[in-house]
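# Structure at a glance
Given next are the chains, with one letter for each unit.
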Amino acid sequence: MSSSNQAQQINADAVLDRMKEIYDVDTDTALADVLRTTRQNISKWRSRNSVPYAEAVAASYARNASIDYILTGRGDKGRQQGGEVELDVQLLRAILLSLLAFERIKVIGADTVTELNQMAKAIAFQYKRAAEAAQQLQKNEGLDAEAARAVAVAATELMSSDGTAFGPRLDPTDTDRSD
């Protein structure tokens with residue numbers, strides 16, 4: 001199945017309903033409160049079949065839920081505790097292609113495919129770094145899981161792959177930048 005076909009099969013209504021399940025809320029209004037948005041935005045996402053990808057990834061991380069489950073309904077609802085935490089780069093590519101197709105993002109550069117691939121890898125790498133940081137904060141600082149994830153996400157957003165503020169967001173050990 002091609003990446004664009006995979007992206008087209010993701011349904012906003014189903015994603016939003018799974019997000020309500022993940023956050024343990026019953027109404028779109030309650031979901032809007034949790035997502036810090038408005039009930040009107042939830043309605044727009046539903047009516048336009050516009051999947052809130054950023055919110056889905058945030059829900060996955062905040063609630064330790066599988067992003068594949070949130071977006072597609074496949075697999076287990078929860079992620080394995082203590083296991084390797086990674087986002088599926090192929091799924092991220094499909095999401096980015098969908099966002100590009102609906103003009104939600106623009107890619108500047110001659111090679112759109114390469115740019116989207118690098119963006120997908122960067123997102124997956126940052127997600128993994130945040131998860132690893134959260135695990136360390138829980139272990140070393142005694143933070144509860146939700147607080148550790150919140151701190152790790154904020155810190156990861158500010159740190160580059162070489163540990164300095166801002167800068168490159170790709171895995172420095174990843175030498176294959178073409179796929």
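Predicted, not measured: the structure shown is a model, and the values here were computed from it. (Residues numbered from 1 in each chain as written. Predicted model: local features only at pLDDT ≥ 70, side-chain atom pairs only at ≥ 80, totals over all residues. Heavy atoms only, no water.)

Moving on, we come to the overall build of the protein. Each helix and strand in the protein was counted, giving 9 helices and 0 strands. Walking the protein from its N terminus toward its C terminus, one meets helices and strands in the order α-α-α-α-α-α-α-α-α. Among the 179 residues that make up the protein, the fraction classed as buried is 39%. Long-range contacts, defined here as pairs at least 24 residues apart, represent 55% of the contacts in the protein between residues at least 6 apart. (Helix = DSSP H or I, 4+ residues; strand = E, 2+ residues; numbered from the N terminus. Buried < 20%, exposed > 50% of the residue type's maximum accessible area, 1.4 Å probe, protein only. Contact = heavy atoms within 4.5 Å.)

The next subject is the pattern of salt bridges. Evaluation of the coordinates by the stated rule reveals 6 salt bridges. For Arg-46, the salt bridge is made with Asp-13, and the minimal N-O distance between the two is 3.0 Å. Taken together, the residues Arg-46 in helix 4 (residues 39-47) and Asp-13 in helix 2 (residues 12-23) connect sequence positions 33 residues apart. Asp-13 sits in the partly exposed class, given a relative accessible area of 33%. Among the ionic contacts, a cluster of salt bridges with common partners joins Asp-13, Asp-17, Lys-20, Asp-28, Arg-39 and Arg-46. (Salt bridge = Lys/Arg side-chain N within 4 Å of Asp/Glu carboxyl O.)

This paragraph deals with the packing of helix 2 against helix 3 (residues 28-35). It is at 10 Å that the axes of helix 2 and helix 3 come closest, and there the two elements cross at 70°. In terms of their interaxial angle, helix 2 and helix 3 are classed as roughly perpendicular. Within the contact between the two elements, helix 2 uses Leu-16, Met-19, Lys-20 and Tyr-23 and helix 3 uses Asp-28, Leu-31, Val-34 and Leu-35. Along the lines of polarity and charge, the residues of the contact of helix 2 with helix 3 split into 6 nonpolar, no polar and 2 charged. (Axes fitted to C-alpha atoms, helices over the stretch in contact; angles between N-to-C directions. Parallel < 35°, antiparallel > 145°, perpendicular 65-115°, else oblique. Nonpolar A, V, L, I, M, F, W, Y, C, P; charged D, E, K, R; others polar.)

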